[in-house]
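Structural description and commentary
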Amino acid sequence: MLEHGASPPAGDSDPRPPSSGGLATRLMRRKPVERLVAEGGQGEGGTLRRSMGMWQLTMISIGATLGTGIFVVLGEAVPDAGPAVILAFVIAGVTALFSALSYAELAGSIPVSGSSYSYAYATLGELVAWVCGWCLILEYGVSVAAVAVGWGQYLNELLNGVFGVTIPDALSQPPGDGGVFNLPALLVVLLAMVFLLGGAKESARANTIMVVVKIAALLLFCGVAVQGVRSGNYANFFPMGMAGVSAAGATLFFSYIGFDAASTAGEEAKDPQRDLPRAIMLSLVIVTALYCLVAAIAVGAMPWQRFEGSEAALAGILKAVTGQSWWAVLLAFGAVIAIASVVLTVLYGQTRILFAMSRDGLVPKVFSKVHPKSGAPRANTVLVSLFCGVLAAAVPLGELADATSIGTLFAFALVNIAVIVLRRTRPDMPRSFRTPLSPLFPAIGFLLCVYMMGSLGSVTWMVFGVWMVVGLVFYFGYGLRRSRLATAEK
């Protein structure tokens, strides 16, 4: 339930940094909630500006979630579930809901930029927080690159439909798929960088416009495609049984990843205790409703057997229903905007997580430097954007893209644990939102995340393992000694 105006107390219970001790003690040191909140917005040379209300926060969450998934995922999920893909979307949404409830509680209690990294630091200790932050760097960084790669393909479809020209494959396809250097992928990341350099308020405004456009594109699809709906297409609703629905649900779950992006704006929200939980929950409801509506009309307008291998199912449906190709051009325009919005919001989240980690001393100070005029971490933004842009343009991602999923699920699992731990260690701390039926719901959320992680392939686990080893080497070689908690103990 929501409690208006609640905020963490100034100094009750466990305000002291942990005392010096052996290695195990140092690895388990926790950062007090009060200190996390008190440092909110503070960076090197300036402070982040609180400029976003609930509407902007909700749009950030939707912007990071509603992207390529709905435009291409039906071609993968419908063959598994048939018309029951509608139910699969609901199941995937409910699965995401358990973690979203935990995010909502912690975002309202600990409204800082670090998201699950900061939540883990306050509850599970520095080493676990580092591992979580390192997973988030993998999740957000690779996600930006992977999404940007697909932007060029939709851009080509749009250019071909409007002007009859396309960018050559060598400059528009990812390396390994016929491309040499994916120029559009680099351009969309640099465009997002320009918006972010202007400040959070300007970035949020641009994202809101893009989110409205892509929602309008999907609603336009529904309004046109509903004319082709035939009741017979729903007749065999469970052709693959519940096993097929479950398989499709596992595929579709990753279409919901992104709602946590709002929690990275905790230090730039006007009233984070009130607005962050609401934004997270509202965005999940809107995205789920939109997914189910689009899926219901899509499978009603085209027999489910024809979705096999279709990466542009929605465009194909519009063309079949109207007999005209320009509807597909409009949908391609919506997809271009949708992907650009995802790049913008996910890149924003990446910079804010690194900002929080830098302020704690675990990564170099350059990532927490704030420009006094714009109130944005400019150096951080430029470095992250260039890295993600080059990664998208010049590096064959392949299986690496799947590592986004495992990094996200690991972070989600830790957030669910953090809710349980904080309820036990700080039961009296004011919470603007409380996860219902705790610890049952957080425990279910944790188990669902573990289950999803177990369904990922061996190559993904190998990539994840290598990433973790690199992260631990960096932590023990740099972060452990430079941690601000460590220097406070001396």
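This write-up is about the structure you can find in this document.

1. As for the overall build of the chain
Scanning the chain from N- to C-terminus turns up 20 helices and two strands. For the C-alpha atoms alone, the extent of the chain along its principal axes is close to 70 × 45 × 40 Å. Counting only residues that meet the buried cut, the chain has 58% of its 490 residues in that class. In the form shown here, the chain has an accessible surface area of approximately 18200 Å², with 66% of it arising from carbon and sulfur atoms. The chain carries 32 positive and 27 negative side-chain charges, and their two centres are separated by 9 Å.

2. Overview of the packing of aromatic side chains
For the structure on display, the rule yields 19 aromatic pairs. With centroids separated by 5.5 Å and ring planes inclined at 75°, the aromatic side chains of Tyr103 and Phe412 adopt a geometry described as edge-to-face. In this pair, Tyr103 sits in helix H6 (residues 85-109) while Phe412 sits in helix H17 (residues 403-425), placing the two residues 309 residues apart along the sequence. An angle of 20° between the planes, with centres 5.3 Å apart, marks the rings of Trp130 and Trp134 as stacked. Here the residue Trp130 and the residue Trp134 both occupy positions in helix H8 (residues 126-163), the gap between them amounting to four residues, near one helical turn.

3. A word on the side chain of Gln350
The residue Gln350 is located in helix H15 (residues 326-359) in this model. Judged by relative accessible area, Gln350 falls into the buried class, the value being 3%. Excluding its chain neighbours within four sequence positions, the residues that come into contact with Gln350 are Leu136, Ile137, Tyr140, Gly141 and Val384.

4. Side note on the layout of surface pockets
The volume enclosed by the second largest pocket comes to roughly 370 Å³. In terms of lining, the second largest pocket is formed by 18 residues, of which the most central are Ile137, Gln350, Leu354, Phe387 and Trp467. Residue assignment for the lining of the second largest pocket shows that the elements contributing at least two residues are H8, H15, helix H16 (378-394) and helix H19 (458-482).

5. Describing empty space enclosed by the protein
In this structure the tally under the stated criterion is two cavities of 30 Å³ or more. Empty space within the second largest cavity amounts to approximately 50 Å³. Lining the second largest cavity are Met52, Ile60, Ala200, Ser203, Ala204, Asn207, Leu344, Thr345 and Tyr348. Those elements that provide at least two residues to the lining of the second largest cavity are helix H11 (200-225) and H15. For the lining of the second largest cavity, the leading source of residues is H11, giving four residues. Residue classes in the lining of the second largest cavity are distributed as six nonpolar, three polar and no charged.

6. Description of a positive patch on the surface
A cluster of basic residues, Lys365, Lys369, Arg481 and Arg482, forms a positive patch on the protein surface. Topologically, Lys365 is positioned in the loop between H15 and H16. Judged by its relative accessible area of 56%, Lys365 falls in the exposed class.

7. Brief notes about the nonpolar core
Counting residues in hydrophobic clusters, the biggest one holds 160 residues, and the most contacted among them are Phe71, Val85, Phe89, Phe221, Phe307, Leu314 and Val343. With 21 residues, the single largest contributor to this core is H15.

About the criteria used
Residues numbered from 1 in each chain as written. Predicted model: local features only at pLDDT ≥ 70, side-chain atom pairs only at ≥ 80, totals over all residues. Heavy atoms only, no water. Helix = DSSP H or I, 4+ residues; strand = E, 2+ residues; numbered from the N terminus. Buried < 20%, exposed > 50% of the residue type's maximum accessible area, 1.4 Å probe, protein only. Areas by Shrake-Rupley, 256 points an atom, 1.4 Å probe, with all protein chains shown as cover. Lys, Arg positive; Asp, Glu negative; His and termini not counted. Charge placed at Lys NZ, Arg CZ, Asp CG, Glu CD. Phe/Tyr/Trp six-rings, centres within 6.5 Å; stacked < 30°, edge-to-face > 60°. Contact = heavy atoms within 4.5 Å. 1 Å grid on protein atoms, 1.4 Å probe; cavity = no way out; pocket = protein on both sides within 12 Å on 5 of 7 lines; lining within 4 Å. Points joined across faces, edges and corners; volume = space filled by probe spheres on them. Nonpolar A, V, L, I, M, F, W, Y, C, P; charged D, E, K, R; others polar. Patch = residues over 30% accessible without salt bridge, like charges linked within 9 Å, V, L, I, M, F, W, Y side chains within 5 Å. Salt bridge = Lys/Arg side-chain N within 4 Å of Asp/Glu carboxyl O. Core = buried A, V, L, I, M, F, W, Y, C linked by side-chain atoms within 4.5 Å.

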